[in-house]
Each structure stands twice: as structure tokens, then as C-alpha cells.
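# An overview of the molecular structure
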Amino acid sequence: MEELIVERAAIGYSNALIIEELSLSIPKNKITTIIGPNGCGKSTLLKAVARILKMKSGAVYLDGNAIHRLDTKEVAKKMAILPQTANAPGGLKVYELVSYGRFPHQKRLGSLKKEDYAAIDRAIEVTGLNEFKDRPIEALSGGQRQRVWIAMALAQETEILVLDEPTTYLDMAHQLDILLLLKRLNEEEGRTIIMVLHDLNHASRFSDYMIAMKGGELITEGPPAEVMTCLNLQQVFNIDASIVKCPFSENPICLSYQLC
């Protein structure tokens, strides 16, 4: 069964409609990446899926239930969201921020319970942040901060992780580090990962399923081998691409390209 189904979604801001009518399914226990040119509606779609942005019409179904009808805490127990720009209050330490991920599991504002501490400790360990847990967020590098936000999402103990450009502003090594972490979470824990990436080669290498958009419309979707083709990249990005096989994943990657 699909984890998430988007049905005839119309999404936009004020009077500006970005996506007119979009339907797609996101497979369960897989890594799905949304690609497309700037302004095509990738982040807009992700915000609607995560209930950050209210849709004009249509619906998103989570395990068969219309997500807009579910209680906010119930959604937060199933889906964790990492927005494109995440900012922590000044002076906050790593452990404190990660602990915020336990909010959906608390009946009232109060002290953390034994299971909360266990979830926080595990999230910090999985993301390799043990040596930084007592440090202020502002004292960390960009890659370390991104790990903290992912740790907070993991502390929610959700089946779904939604990430909007999780590698933005990171150098090559830190980008790879974050994507390998997400891949491990998917393979070892069966987490469903839904993310937006600008780097086509990262998207293809680390995805099981890809969704290509342009102008608010779905152009194509499927495994990387079906999406990362010369014809599709020409249609979506207006580029003439040279496609080769990635030596690490066997998925297709773009060796180089020129404008059509």
C-alpha cells in the first residue's frame, strides 16, 4: 500500500496558483526524491504534503486517511518534517533541540519520561552527535546543524521523514554524509524518505523513486532508470545531457550537459 497519495491537488499562495491539478503516489518504505527547475512547485508540493500549506482543492491521503482531517499530533506521530530553512532559538543546545521531537508523544507540556529520553539518546547516537550534545547550536558547522535537525525528526519516531533540500549550503563531503545517513535510515529501519534535491546525480544515486516536475505539473515519475533519461531531462530542464551509469549505485547520472 502507498504511504501517501496526492489526489487532484491544487496548491498556491494567496491568488497565485502554483500547482493546478496534480495526482501521484509515494511508495512506502522507499526514498522518493522530487526534482525539477526552480519555481516548478517542488517545495510547494512538499509543504502541502506536510500540511504546512493548505491546498486550494484536492486531498492528501496518509494510509487511506485524508491528512487534513487528522489531528495535528496524530500526523506528527507519523510524519516528521525538516523545512528548507530551519532556525533554532539562540542559546539552545543540541540535546534540548532534539528533545523537541518528543512533543507529539506528550499528553501535556511537562517533564520527559523514560521512553522520551531513550528516543532522544537513540536519535543522537544514530546521527553521530554524542560528542556535540551539550554544545550550543550556533557553535556547530552547517553539516552538524543539519544532523541535529534530522536527529530531532528521528526523535519523533515517525515512519515518514519529509525533507526540503536537506543538503543546501553544505559542501560536497557533508552533502554525501547527510544522504548516506538518510539511506541508512531507510535500509536499516524502513523509514519512508520524501525529499526535494537540486542535485540530479544525488537524487538518482540515493533514490528508489523519482518525481520530475515542471511548471507545477508532473512530467514523469518512476525508478531513476526511467526518469533519468536524455529525453526527460531535455523536457524538464531544457538540457542536452550525457547519461552514464553511477559506479556506486548503478543508477544513471548526468556526466555533463549543455543547453538545448
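What you are looking at is a predicted structure, and each value in this text was computed from that prediction instead of being measured.

When you go through the protein chain residue by residue, the secondary structure sums to 9 helices and 12 strands. Taking 18 Å as the expected radius of gyration for a compact globule of 260 residues, we find that the protein chain reaches 19 Å, a close match to that expectation. Seen through its principal axes, the protein chain has C-alpha atoms that stretch 55 × 40 × 35 Å. Counting over 260 residues, the protein chain shows a buried share of 47%. Contacts in the protein chain between residues at least 24 apart in sequence constitute 64% of all its contacts with a sequence separation of at least 6. When the accessible surface of the protein chain is totalled, it reaches about 13100 Å², and 49% of it is carbon and sulfur. Distance between charge centroids for the protein chain: 6 Å, based on 29 positive and 32 negative side chains.

Time to look at the packing of helix α4 (residues 114-126) against helix α5 (residues 142-155). For the pair α4 and α5, the least separation of the axes is 8 Å and the interaxial angle reads 140°. Put simply, α4 runs oblique to α5. Crossing of α4 over α5 shows right-handed handedness. Contacts from Ala-119, Ala-123 and Val-126 of α4 reach α5 at Ala-151, Leu-154 and Ala-155. Across the contact of α4 with α5, the residue classes tally to 6 nonpolar, no polar and no charged.

Once that is clear, we can look at the sheet that holds strand β8 (residues 192-196). Across the sheet, which stays open at both edges, the 6 strands sit in the order β6-β7-β8-β3-β9-β10 with mixed pairing between neighbours. Of all strands in the sheet, those bounded by a partner on one side alone are β6 (79-82) and β10 (217-222). With direction set aside, neighbouring strand axes in the sheet form an average angle of 15°. In this fold helix α6 (residues 172-189) packs onto β3 (31-35), β7 (160-164) and β8, with an angle of close to 150° to the strand it touches most, β8.

By the secondary structure assignment, Cys-254 is in strand β12 (residues 252-259). Along the primary structure Cys-254 and Cys-230 are separated by 24 residues, whereas in three dimensions their C-alpha atoms are 9.0 Å apart. Leave out the neighbours within four places in its chain, and Cys-254 touches Asn-201, Met-228, Ala-241, Ser-242 and Ile-243.

Below, the discussion takes up the sheet that holds strand β2 (residues 16-26). Read across the sheet, 4 strands follow the order β2-β1-β4-β5 without closing on themselves; strand pairing throughout is antiparallel. Strand pairing shows two members of the sheet lacking a second neighbour, β2 and β5 (65-66), which therefore form its edges. Summarising the sheet, strand β1 (residues 4-13) and β2 pair through 7 bridges and their orientation is antiparallel. Bridging across to β2, Ala-9 finds its partner in Leu-22. Seen against the sheet, helix α1 (residues 42-49) touches β1, β2 and β4 (57-62) and runs at an angle of roughly 115° to β1.

The rules behind each value
- Residues numbered from 1 in each chain as written.
- Predicted model: local features only at pLDDT ≥ 70, side-chain atom pairs only at ≥ 80, totals over all residues.
- Heavy atoms only, no water.
- Helix = DSSP H or I, 4+ residues; strand = E, 2+ residues; numbered from the N terminus.
- Rg over C-alpha atoms; globule rule 2.2 N^0.38 Å.
- Buried < 20%, exposed > 50% of the residue type's maximum accessible area, 1.4 Å probe, protein only.
- Contact = heavy atoms within 4.5 Å.
- Areas by Shrake-Rupley, 256 points an atom, 1.4 Å probe, with all protein chains shown as cover.
- Lys, Arg positive; Asp, Glu negative; His and termini not counted.
- Charge placed at Lys NZ, Arg CZ, Asp CG, Glu CD.
- Axes fitted to C-alpha atoms, helices over the stretch in contact; angles between N-to-C directions.
- Parallel < 35°, antiparallel > 145°, perpendicular 65-115°, else oblique.
- Left-handed = near helix turned anticlockwise from the far one by under 90°.
- Nonpolar A, V, L, I, M, F, W, Y, C, P; charged D, E, K, R; others polar.
- Pairing = 2+ DSSP bridges.

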